[in-house]
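Chain and residue survey
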Amino acid sequence: MSFDINQIRADFPNLRQEVHGKPLVYLDNAATTHKPQAVIDAVSRFYGEYNANVHRALYQHAAEATEAYEAVRDKVANLINAGDRRSIVFTGGTTESINLVAYAWARKNLGPGDEILVTEMEHHSNLVPWQLVARDTGATLRCIPIKTDGTLDLDDSDKYFTSRTKLVAFTHQSNVFGTINPAKEIIELAHAVGAVTVVDAAQSVPHLPVDVTDLDCDFLAFSGHKMLGPTGVGVLYGKPELLESMSPFFGGGEMIQTVTMEKSTWNELPWKFEAGTPKIAQVIGLGAAIDYLNEIGYEAIGEYEKKLTDYTLERLAAVEGMSIHGQAAKRGPVISFNLADVHPHDLAQFLDMEGVAIRAGHHCAQPIMQRLGVPATSRASMYIYNTSEEIDRLVQSIENTRRFMTGN
Ligand SMILES: Cc1ncc(COP(=O)(O)O)c(C=O)c1O
């Protein structure tokens, strides 16, 4: 399918909204994306036409709901090239997926003397769970530093990947710098010392083809809401043999095979990790989002986003007093910046009055802010429906704010 931006924009009702009397320019896609009508319709159709709980009942609508829910597991497996549908666990999102690994794998397998390796560019969701694991198991948390250009400093990898390293958890694409990390290389380094790998793919799966078989990662996590799908649903991919070796994280309905008053046995993969009524509507919505992305194709998405990112970088760099953080050659459509003498929160509020939605804050990555020596940054993040005209409005609004705040 050719990339028809007008057709794509027409699919997103939210893009027709006005904010403070101005057409909305939505540039906070790294936080969450808008949903195409197809996703909204899929969720609405489930509730309106065949609402039922899955897996349990024997009537028509329960069978339809189960079929729709389980079909999405195959779509997810295809999307990330997981050879085995049992390796796809539906969770509430990236954060829950990572915590599942932290509780069900790391707490059982790590102890004093072991090391957990993360990077300095992690989202708190891929840092705090490991801090908690380290606290509870006596393992040590270590970190690969970042260079000033917003890439990882892997030059002295021997220093970080050692025989003590038991788990390596890292972000595939930074939600602050946009940097795409060399995932395959990091996984190879980790496997060479016998460590298990966890890839935080919250920012990569929405934008890049991610192939878990090629990467050979042990676990990989992402969220539906950052890739056109509903909130409240995410995925944990895990190698089946690892998932098999793990005890359940949550206990309850669905995840059991037999229960007596004394003990229980567990359901097969992946249901062993899906306790209780699952996120049925959300999973069905995620399936529609995957269909939508597949129809456009990652190649077209990548090409379009690269052009738009290059254009945004060029336009922003020309603004007086502008500092852009991160110059990675391989990057996604996320740009963090600071404008001299204007606090990011003031900038975001001024831009909001112009109908332009950007993010200001620490982006759940406070260690990066500490490294940059700033309390916060502004962040514009794009997706398939943004246009160069919207970037012009962003830049014009930044210029207007700068003049108003600095008087020149
Ligand atoms: C890199 C990264 N990891 C993890 C998360 C957490 O995702 P969620 O809040 O959907 O669990 C985010 C969300 O911003 C993110 O950008």
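Residues numbered from 1 in each chain as written. Predicted model: local features only at pLDDT ≥ 70, side-chain atom pairs only at ≥ 80, totals over all residues.

1. Focus: the overall build of the chain
If you tally the helices and strands in the chain, you get 14 helices and 17 strands. The C-alpha atoms of the chain give a radius of gyration of 22 Å, which matches the 22 Å a tight globule of 408 residues would have. Across its three principal directions, the C-alpha atoms of the chain cover 75 × 55 × 35 Å. Within the chain, buried positions represent 46% of all 408 residues. Residue pairs at least 24 apart in sequence account for 71% of intrachain contacts in the chain once pairs closer than 6 positions are excluded. (Helix = DSSP H or I, 4+ residues; strand = E, 2+ residues; numbered from the N terminus. Rg over C-alpha atoms; globule rule 2.2 N^0.38 Å. Buried ≥ 20, exposed ≤ 12 C-beta atoms within 10 Å, placed from the backbone. Contact = placed C-beta atoms within 7 Å.)

2. A few points about the pairing of strand β6 (residues 140–144)
In this structure, strand β5 (residues 115–119) lies alongside β6, joined through five bridges in parallel fashion. Looking at the pairing, Leu-117 lines up with Arg-142 of β6. With helix α5 (residues 128–137) bridging β5 and its parallel neighbour β6, the resulting β-α-β unit is right-handed. (Pairing = 2+ DSSP bridges. Right-handed = clockwise from strand over helix to strand, strands pointing away.)

3. Digging into the sheet that holds strand β10 (residues 234–238)
Pairing within the open sheet is mixed, and its seven strands lie in the order β4-β10-β9-β8-β7-β5-β6. Each of the sheet's edge strands pairs with one partner strand only, and the pair in question is β4 (88–91) and β6. Neighbour-to-neighbour, the strand axes of the sheet open up by a mean angle of 20°, direction not taken into account. Where β5 and strand β7 (residues 165–171) come together, three bridges link them in parallel fashion. What sits directly across from Leu-117, in β7, is Val-168. (Axes fitted to C-alpha atoms, helices over the stretch in contact; angles between N-to-C directions.)

4. Some thoughts on the packing of helix α4 (residues 94–109) against α5
Packing of α4 against α5 brings their axes to within 10 Å, and their N-to-C directions diverge by 20°. Taken as axis vectors, α4 and α5 run roughly parallel relative to one another. Taken as a pair, α4 and α5 cross one another with a handedness that is right-handed. Here Ile-98, Asn-99, Ala-102, Ala-106 and Arg-107 of α4 lie close against α5, whose contacting residues are Pro-129, Trp-130, Leu-132, Val-133, Asp-136 and Thr-137. Grouping the amino acids of the contact of α4 with α5 by side-chain chemistry returns seven nonpolar, two polar and two charged. (Parallel < 35°, antiparallel > 145°, perpendicular 65-115°, else oblique. Left-handed = near helix turned anticlockwise from the far one by under 90°. Nonpolar A, V, L, I, M, F, W, Y, C, P; charged D, E, K, R; others polar.)

5. Considering the site of the ligand
In the vicinity of the ligand lie 15 residues, with Gly-93, Thr-95, His-123, Asn-175 and Ser-223 positioned nearest. Of the residues in the shell around the ligand, the class split is four nonpolar, 10 polar and one charged. (Near = placed C-beta within 6 Å.)

6. Remarks on the domain arrangement of the chain
Here the domain parsing of the chain yields domain 1 (5–30 + 297–401) and domain 2 (40–294). Taking only C-alpha atoms into account, the centre of domain 1 sits 28 Å from that of domain 2. Taken together, the 24 residues of domain 1 in the interface contact 22 residues of domain 2. Elements supplying a minimum of two residues to the side of domain 1 that touches domain 2: α11 (298–317), β14 (334–339) and α13 (366–372). Here the side of domain 1 that touches domain 2 takes four residues from α11, the largest share from any one element. Among the residues forming the side of domain 1 that touches domain 2, the class breakdown is 11 nonpolar, eight polar and five charged. (Domains from an automatic or database assignment.)

7. Describing the packing of helix α2 (residues 37–49) against helix α10 (residues 280–296)
At a minimum axis distance of 8 Å, the contact between α2 and α10 shows a crossing angle of 150°. Crossing of α2 over α10 shows right-handed handedness. Two secondary-structure elements touch here, α2 through Ala-38, Val-39, Ala-42, Val-43, Phe-46 and Tyr-47 and α10 through Ile-280, Ala-281, Ile-284, Gly-285, Gly-287, Ala-288, Ala-289 and Tyr-292. Partitioned by chemical class, the residues of the contact of α2 with α10 number 12 nonpolar, two polar and no charged.

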